[in-house]
Amino acid sequence: MVTMVTMVMVVVVVVEGRDQLCLRGLTPFLQDFITHYSYSEVHLVFNGSADGQLVVAGRQMLAHSPALTLSFINVEGDPAALREVASLTKRPQHDQPLHVGTSAHQHSFRKPLFMATISTAIELNDVKEVKVREKSRWGSWLLLGEDLGPLLTPGQYLPLDNKVTVAIWGKADEGVELWEAYQAAPTLPHRSSKVGIWLYPDTLGYSAACLGGNVSLGEEEVEMEGQNATGGPNVTASLSTSYPSSNIAARRRDLSGLHLRCLTGSWEPFTRNTPKEGKEGLVNAGGYVGEMFSLLAETLNFTYDCRQAPDGQFGNLEDGKWTGQVGELVAGRGDVIVTALDKTYQRSAVIDYCHPYGEITYRMIIRTPEPNMWNKFTVQLGLHSWLTYCAFLLLMPFAYYLLAAYSPLLRPVSPQEAWFTVCSLNLNQGNMEVSGHARRLLQMAVVATSWLIIAFYNSVLVSSLAVPILAPPFTDAEGFLQAGTHNLGLLKGNSEVERLRTSQHLTLQQIWSRLVAPDSRNLVGSIAEGVRRVRTENFAFLLESNYYAYHMKGDCSLYPLQETIFKSGAGLALQKDSPLLLTFNNEIFAQHMGGLVDRSRTRFIPIHPSCEVDTTGPINIRTIFTAFLILATVIPIALLILLLEIYIYRRYTESRREEEEERRGVKEGVGQRYGSRAK
């Protein structure tokens, strides 16, 4: 490739009295770095004339990369400018709505890069009170220098989730080394590692920008290092060049020396806690979430101690203060919550949730209703049964009519005869050759009998003798509200109180205002109290499905409704803006992908006997007796129909006899007239 050199005019900057960095190949390195990570917004932070080479590189990129948005921030004269720009990169609150067109909405989609030398970053932190360590958590920073050491001093805290990449010149003759550093806590030592390298292209020359360790830029033409006429590098970086991936959490898995204060509470099968021997007030966090957290600590090399909240609650906002485990976390008396803490809107404003370990679902439980032996005989008489039967009565006569019309073996019939024949076959009867008024009455009797016998015999008696049917007073929240016969109980201090009180669903709003809020006793202090009231009163209790399955699935006195009232993910929670969130989420996701969570959950969820009532069972005397009651009810109807048929038949035979006698009389009269004429 032929190298084409472009000449540009540069403003005079003469630097004296301070050693300057000689960063070989700075411009092509920056261009390649920006292109690799697809940055379109770059802020070049410099400290007056001390960073002259960086300023020159920025101007070169700006002149030859018109699509790049690049700003120059001189912190020597205006440190507030950096604070203003960097504040826009703070992580957006995703639990708050972002309105299109607002600054919050616009900045939530930005991907800025801040560039500075290591010495400038240290001076910003120590002198200008611009904490690069905090800014680096929300925006990416590229620090340039010849030695990593000054950045690893005790006063330079680099959080676990910082986005700082350090480019070091001078350690490798063939290129620029890329390093990362972090601390698990401010008091713990730095951990640094080499994460990549950028190799010098062979054809670049670097002597023009560095003169005896100082940068001297006058009103003269200065060659842009290794640039062609199009403004891009004249050669690309070698294939041996390596950049670190954007997943920094995968490289920061050593939290040695970190000790966490854990808050927990028993909620089987998520957590099942037992007192810790020899440690008063501390507990062992069991259950499958406790087991996964223990594995997390082993993988990331941190230690922890767990205790329960003083009030034993998960945490609600009451009178402007947080209670329970959430309250302890907000007050700084804990670092992580390890239990089945489900996510709510209010909690999300003060704590951060990790990737969930499981799902929390809430359903109503009521006292098990007595099986209704009458309903089991009418359960088959649903709308679909009647529609099917009506379709049969409409379609089958038409099919018979067409078949008789075109079949050489059948006598053609009228549509009325076809329909009457099908109705007769429902009673296992033959078609009768009748006519006139008697025929119409007989048709009515046959159809009426068909509907009764088919409905009560074919569809009901045979299929329902061994199937008892439960008839709860309601099956969902809408029916619960309309019935108005039960109050609804909630566990005080649990998330369902907040969810129901702040719900936007109209039915749930009315349930809260009419069936919960008027009586303070509906907020029970324990699950045992709520279950006791379910058994003894007209009381429904909102209970989490996993807890019910673990403790009460074998209790046949309780009946859970199938409708899910609330559902959310549940798992660990950290203090708001905790640096641990990124690393924890990465490991929890790896546990899910490796099948560890599913295997542990399966082991901790017990198999309890179920209380299925709506299943086939042996016929007992109660069932048979009820069936005979139904038959006894139908028998009088059948006797009435029999009397009607006898009456119709007698009328029919009398009518036929009268017609025969009338025809005979007519014939005899005609014969006598003809005989007299012949005489």
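As a starting point, this report considers the structure included with it. Computed from a prediction, not measured in an experiment: that's the story for all the values here. (Residues numbered from 1 in each chain as written. Predicted model: local features only at pLDDT ≥ 70, side-chain atom pairs only at ≥ 80, totals over all residues. Heavy atoms only, no water.)

### Considering a negative patch on the surface
No. 1: Taken together, the side chains of Glu 654, Glu 658, Glu 659, Glu 661 and Glu 662 define an acidic patch exposed on the protein surface.
No. 2: Among the structural elements, Glu 654 can be located in helix H21 (residues 621–678). (Patch = residues over 30% accessible without salt bridge, like charges linked within 9 Å, V, L, I, M, F, W, Y side chains within 5 Å. Areas by Shrake-Rupley, 256 points an atom, 1.4 Å probe, with all protein chains shown as cover. Salt bridge = Lys/Arg side-chain N within 4 Å of Asp/Glu carboxyl O. Lys, Arg positive; Asp, Glu negative; His and termini not counted. Charge placed at Lys NZ, Arg CZ, Asp CG, Glu CD. Helix = DSSP H or I, 4+ residues; strand = E, 2+ residues; numbered from the N terminus.)

### Observations regarding the packing of aromatic side chains
No. 1: Here the structure, examined in full by the defined rule, presents 18 aromatic pairs.
No. 2: Judged by centre distance (5.9 Å) and plane angle (65°), the rings of Phe 33 and Tyr 243 are edge-to-face. Here Phe 33, found in helix H1 (residues 26–36), pairs with Tyr 243, found in the loop between strand E11 (221–223) and strand E12 (259–264); they are 210 residues apart in sequence, far enough to count as distant. One exposure class covers both Phe 33 and Tyr 243, and it is buried.
No. 3: Centre to centre, the rings of Phe 270 and Tyr 288 are 5.4 Å apart; their planes meet at 35°, and the pair counts as tilted. Here Tyr 288 lies in helix H7 (residues 287–300) and Phe 270 lies in the loop between E12 and strand E13 (274–275), a separation of 18 residues in the sequence.
No. 4: Members of the aromatic cluster, connected to one another through ring pairs, are Phe 29, Phe 33, Tyr 37, Tyr 39, Trp 169, Trp 198, Tyr 200 and Tyr 243.
No. 5: When the ring centre of Tyr 200 is taken as reference, the NZ or CZ atom of Arg 24 above it lies at 4.5 Å.
No. 6: Over the aromatic face of Phe 539 sits the side chain of Arg 533, whose NZ or CZ is 4.1 Å from the ring centroid. (Phe/Tyr/Trp six-rings, centres within 6.5 Å; stacked < 30°, edge-to-face > 60°. Buried < 20%, exposed > 50% of the residue type's maximum accessible area, 1.4 Å probe, protein only. Lys NZ or Arg CZ within 6 Å of the ring centre and 35° of its normal.)

### Examining the sheet that holds strand E4 (residues 69–74)
No. 1: On the basis of which strands lie adjacent, the open sheet formed by seven strands has the order E4-E3-E5-E6-E7-E8-E9 and mixed pairing. Each of the sheet's edge strands pairs with one partner strand only, and the pair in question is E4 and strand E9 (191–199). When strand polarity is set aside, the average angle formed by the axes of neighbouring strands in this sheet is 25°.
No. 2: In this sheet, strand E7 (residues 164–168) lies alongside strand E6 (residues 140–145) in parallel orientation, the contact comprising five bridges. Directly across from Leu 142, in E7, lies its bridge partner Thr 165. (Pairing = 2+ DSSP bridges. Axes fitted to C-alpha atoms, helices over the stretch in contact; angles between N-to-C directions.)

### Focus: a nonpolar patch on the surface
No. 1: A cluster of nonpolar side chains, contributed by Ile 635, Leu 639, Leu 640, Leu 642, Leu 643 and Ile 646, occupies part of the molecular surface with about 580 Å² of accessible area.
No. 2: With respect to the helices and strands, Ile 635 occurs in helix H21.
No. 3: Ile 635 gets classed as partly exposed once you look at its relative accessible area, which sits at 49%.

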